[in-house]
Amino acid sequence: LTSDKLGNCRIWQLGQNAGGEKLQNPNFLWQSDSARCFSAIFDAEGECVFTVGQQGRLTKWHVESADSNILLSREQPTEEQVDGKWQQSAYISALFLDEDRELVVVAIDGLYFIDRESGATEFLHHYQDGMRMEFLATPQNDSTAFFVSSSPLLEPSKQATSFASKIQRWDARSRSHQTIFASGPNCSINDLSCSPSGSLLAAVVEDRKTRLKQLLLIQPESGKVIREFPAANGTKPRFTHDGGRLVYGAQRNLYSIDLEGNSDRTNNNAHQNSQVGLAISCDDRWLATCDERVIRIWHLDTLEPHATLLGHQALITSLEFSRDGRTLFSGSIDGTVKAWGVQTGQSLLDLHRGSSPIIRITISQDGNQLAVLEDYATVRVYYVGRD
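Residues numbered from 1 in each chain as written. Predicted model: local features only at pLDDT ≥ 70, side-chain atom pairs only at ≥ 80, totals over all residues. Heavy atoms only, no water.

### Some remarks on the sheet that holds strand E26 (residues 253-258)
Right, on to step 1. Strands sit in the order E24-E25-E26-E27 across an open sheet of four strands; the sheet is antiparallel. Pairing within the sheet leaves two strands with one partner each, and these edge strands are strand E24 (238-239) and strand E27 (265-267).
Right, on to step 2. Here strand E25 (residues 245-250) runs beside E26; their pairing, made up of six bridges, is antiparallel. Pairing of Leu-246 across the sheet is with Ile-257, part of E26. (Pairing = 2+ DSSP bridges. Helix = DSSP H or I, 4+ residues; strand = E, 2+ residues; numbered from the N terminus.)

Structure representation (structure tokens):
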């Protein structure tokens, strides 16, 4: 399914080759000058598509007939005060299928369960005047998800003078929710990462007044903060694949936190400029970081430098290791995607060269295909398998 800025949604049939083949008469689903489709998901059988429009309508479409019916409608968000309480009208921001392939909708006022056949709505969880900011599932347990919500704090004058953020856990099986951590007044949670087992959360908390940041390690079961670390503008914290370490970059410094012992490591002035990207190889042997135009590869266990990679002419936006850890891919605003030999540190080839900036690259689970997002408008898929 694709959509354009005017809300035109179409179904396409993918060909057997690397590209897609346009149907002679693609199914025309929906058109509205002001209802851009920004989220869509197919059901398990591929017979129906669920779309969310800019005006807050959740619509079910039948792929073959293009028949449709609206399952849930939420207007654009507006702020108002009723009986001294801060209220916001609900709108839909995301949707997904849980492990039982049932439809769950994330709206600004909470979570909803939607019966895919009848459209019956069940209200799962109210945010208590909060706005969903981030939603993520633990890699090894897709029935549990952690999300961040923020709420305005009201003074007696009924004016919102500050905001507080909290981390909440939602269980898809029992459809229950629990607040596991709340930040203080005027503090926001800017980043949230989850360990592979789901036993630890890493949250970057910023004081809105002082602009100081801290990285907190939180146990989801108890909500207890077990360790605190200095943080600053830099990379998103990443857990290693075995869950033994937490790695992040803060301005010019690089940190590797030992979660099972006391062998924390720091490399001060790892880059001349503030770091913007980080990647970890699947075997947890190599770490790659980048600032604006320079990529560095490190031995992850020691943070000793291995290689410096030069070649991009503008800001580097994304890094990805191949599944065997022998190749590093990088994307840049300069419109190129480069492949580098990890052992040698040498440039292997320019996988892609264009005039539009590269926003993100990501590799498939089998390691054979690399997807490239170009200028928020085009996705290109390259075969990168070694056979």
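We are not done yet, so read on.
### A few points about the pattern of salt bridges
Right, on to step 1. One pass over the structure, following the stated rule, counts eight salt bridges.
Right, on to step 2. Salt-bridge contacts for Arg-211 lead to Glu-206; the nearest nitrogen and oxygen are separated by 3.2 Å.
Right, on to step 3. Judged by relative accessible area, which is 11%, Glu-206 ranks as buried.
Right, on to step 4. A cluster of three or more residues bridged by salt bridges with shared partners is formed by Lys-338, Asp-350 and Arg-353. (Salt bridge = Lys/Arg side-chain N within 4 Å of Asp/Glu carboxyl O. Buried < 20%, exposed > 50% of the residue type's maximum accessible area, 1.4 Å probe, protein only.)

### Quick word on the pairing of strand E30 (residues 294-299)
Right, on to step 1. With five bridges connecting them, strand E29 (residues 286-290) and E30 associate as antiparallel partners. Note on E30: the bridge partner recorded for Ala-288 is Ile-297.
Right, on to step 2. Remark: three residues form the turn of the hairpin made by E29 and E30, two consecutive strands paired antiparallel.
Right, on to step 3. Here six bridges tie E30 to strand E31 (residues 304-310), and the two strands are oriented antiparallel to one another. Along E31, the bridge assignment pairs Arg-296 with Thr-308.

### Looking at the packing of aromatic side chains
Right, on to step 1. The full count for this structure, using the stated rule, is one aromatic pair.
Right, on to step 2. A centroid spacing of 4.9 Å and a plane angle of 15 degrees characterise the contact between Tyr-248 and Tyr-255, whose relative ring orientation is stacked. Pair check on accessibility: Tyr-248 and Tyr-255 agree, each one buried. (Phe/Tyr/Trp six-rings, centres within 6.5 Å; stacked < 30°, edge-to-face > 60°.)

### Remarks on the environment of Ala-270
Right, on to step 1. Topologically, Ala-270 is positioned in the loop between E27 and strand E28 (277-280).
Right, on to step 2. Setting aside its immediate chain neighbours within four residues, Ala-270 contacts Arg-252, Leu-254, Arg-296 and Trp-298. (Contact = heavy atoms within 4.5 Å.)

### Points about the side chain of Glu-320
Right, on to step 1. Relative to the helices and strands, Glu-320 is located in strand E32 (residues 316-321).
Right, on to step 2. Of the buried charged residues, Glu-320 lacks a salt bridge, with Arg-323 as the closest side chain of opposite charge at 4.7 Å.
Right, on to step 3. Once residues within four sequence positions are removed from consideration, Glu-320 is found in contact with Ala-279, Thr-327, Leu-328, Phe-329, Ile-361, Thr-362 and Ile-363. (Lys, Arg positive; Asp, Glu negative; His and termini not counted.)

### A look at the pairing of strand E22 (residues 213-218)
Right, on to step 1. Most of E22 sits inside the fold, with five of its six residues counted as buried.
Right, on to step 2. Where strand E21 (residues 201-207) and E22 come together, six bridges link them in antiparallel fashion. Along E22, the bridge assignment pairs Val-204 with Leu-215.
Right, on to step 3. What sits between the antiparallel neighbours E21 and E22 is a turn of five residues, in which Arg-211 has the positive phi angle 65 degrees.
Right, on to step 4. Across six bridges, the pairing between E22 and strand E23 (residues 225-231) is antiparallel.

### Some details on the sheet that holds strand E33 (residues 327-332)
Right, on to step 1. Spatial strand order, E32-E33-E34-E35: four strands in an open sheet with antiparallel pairing. The strands lining the two open edges of the sheet, one partner per strand, are E32 and strand E35 (347-353). Neighbour-to-neighbour, the strand axes of this sheet turn through a mean angle of 20 degrees, independent of strand direction.
Right, on to step 2. Bridge analysis of E33 against strand E34 (residues 336-341) gives five bridges, and the strand direction is antiparallel. Residue pairing for E34: Leu-328 is matched across the bridge by Trp-340. (Axes fitted to C-alpha atoms, helices over the stretch in contact; angles between N-to-C directions.)

### Thoughts on the environment of Val-204
Right, on to step 1. Residue position: Val-204 is located in strand E21.
Right, on to step 2. Take Val-204: its relative accessible area is 8%, and that puts it in the buried class.
Right, on to step 3. Here the alpha-carbon distance between Val-204 and Gln-214, two residues ten residues apart in the chain, equals 5.7 Å.
Right, on to step 4. Discounting residues that sit within four places of it in the chain, Val-204 has contacts with Ser-188, Ile-189, Asn-190, Asp-191, Lys-213, Gln-214, Leu-215 and Pro-237.

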